[in-house]
Amino acid sequence: MATKIDKEACREAYNLVRDDSTEVNWVTFKYEGSMIVPGHSGVDYEEFTRQCTDDIRLFGFVRFTTGDAMSKRVKFALITWIGESVSGLQRAKTGTDKTLVKEVVQNFAKEFVISDHKELDEDYIKGELKKAGGANYDAQAE
């Protein structure tokens, strides 16, 4: 059966993360049968990483504050998590299903496809976002 997405519910969850007036920093989009729906949301990135278990696949939209001594800015990441125990067929399908998620999640600085918990490291993700951000005026810190 073809995968579908609950666009309205997912867009509402996506907008919560983008809204500067909320404390929500991340949201997951999970599978309920053949439907992609909003999952959990929260403030702490560590809570997000706990959602990423070996037996599931999910999409995460996460807010990070990056920058250097001259400026701080918010960057967003789209993280596709595919657990180690997910079957080959489901792994392959996740790639095509991501196009549905991208119909809702349209603004992000960098996209990640991750199956190893080490790659979910917050410093690693922030470092990649910083590289994607362009100029770095914090030369004295390196």
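Rules used in this analysis
Residue numbers restart at each chain and count upward from 1, following the sequence in its written direction. Per-residue local features of the predicted model are confined to residues with pLDDT of at least 70, and side-chain atom pairs are confined, for both listing and counting, to 80 or more; whole-chain, interface and lining totals are unaffected and use all residues. Side-chain numbers come from the whole structure's heavy atoms, not from hydrogens or water. Salt-bridge detection follows one rule: a side-chain nitrogen of Lys or Arg within 4 Å of a carboxyl oxygen of Asp or Glu. Note on conventions: DSSP H or I runs of at least 4 residues are helices, E runs of at least 2 residues are strands, and numbering of each starts at the N terminus. Working definition: with a 1.4 Å probe on protein chains only, accessible area under 20% of the residue-type maximum means buried, over 50% means exposed, and in between means partly exposed. Here, nonpolar core means buried Ala, Val, Leu, Ile, Met, Phe, Trp, Tyr and Cys residues that are tied together by side-chain atoms lying within 4.5 Å of each other. Pairs of residues are marked as contacts when any of their non-hydrogen atoms sit within 4.5 Å. Stacked, edge-to-face and tilted labels apply to pairs of Phe, Tyr and Trp rings (six-membered ring for Trp) whose centres lie within 6.5 Å, assigned for plane angles under 30 degrees, over 60, and everything in between, in that order. Two thresholds decide whether a charge sits over a ring: the Lys NZ or Arg CZ must be within 6 Å of the ring centre and within 35 degrees of the ring normal. One bridge is not enough; two strands pair if DSSP finds at least two bridges between them.

## A look at the pattern of salt bridges
(1) Moving on: Scanning the entire structure with this criterion turns up 12 salt bridges.
(2) Moving on: Measuring nitrogen to oxygen at the nearest pair gives 2.9 Å for the salt bridge that ties E103 to K7. Separated by 96 residues along the polypeptide, E103 in helix α3 (residues 88-104) and K7 in helix α1 (residues 7-18) bring together distant segments of the chain.
(3) Moving on: On the basis of relative accessible area, K7 is assigned to the partly exposed category, the value being 36%.
(4) Moving on: Here K98 and E111 are joined by a salt bridge, their closest N and O atoms 2.6 Å apart. Of this pair, K98 sits in helix α3 while E111 sits in strand β6 (residues 110-114); the two residues are 13 residues apart in sequence, bridging distant segments of the chain.
(5) Moving on: Residues joined in a network through salt bridges with shared partners are R57, K93 and D97.

## Thoughts on the nonpolar core
(1) Moving on: By size, the foremost hydrophobic cluster in this structure holds 18 residues, and its most contacted members are I5, F29, I36, F61, V101 and V105.
(2) Moving on: Every element with two or more residues in this core is listed here: α1, β2 (26-32), β4 (57-67), β5 (72-82) and α3.
(3) Moving on: Residue contributions to this core peak at four residues, all from α1.
(4) Moving on: When residues no more than four places from it in sequence are discounted, the contact partners of F29 are C10, A13, Y14, I36, V37, P38, G39, L58, F59, F61, V101 and V105.
(5) Moving on: Core analysis: the second largest hydrophobic core is formed by 15 residues, L58, I79, W81 and I125 among them.

## Focus: the packing of aromatic side chains
(1) Moving on: A full pass over the atoms with the stated rule returns seven aromatic pairs.
(2) Moving on: Three or more aromatic residues joined by ring pairs make a cluster, and in this case those are W26, Y45, F48 and F64.
(3) Moving on: Against the face of Y31 rests R57, its NZ or CZ located 3.8 Å from the ring centre.
(4) Moving on: The cationic tip of K110 hangs over the ring face of F112; the distance from NZ or CZ to the ring centre is 5.8 Å.

## A short note on the pairing of strand β3 (residues 35-42)
(1) Moving on: Across two bridges, the pairing between strand β1 (residues 4-5) and β3 is parallel. Bridged to I5 within β3 is I36.
(2) Moving on: Note: β2 against β3, six bridges, orientation antiparallel. Bridge assignment links Y31 to a residue of β3, and that residue is I36.
(3) Moving on: Hairpin connection from β2 to β3: two residues lie between these consecutive antiparallel strands, with G33 at a positive phi of about 65 degrees.

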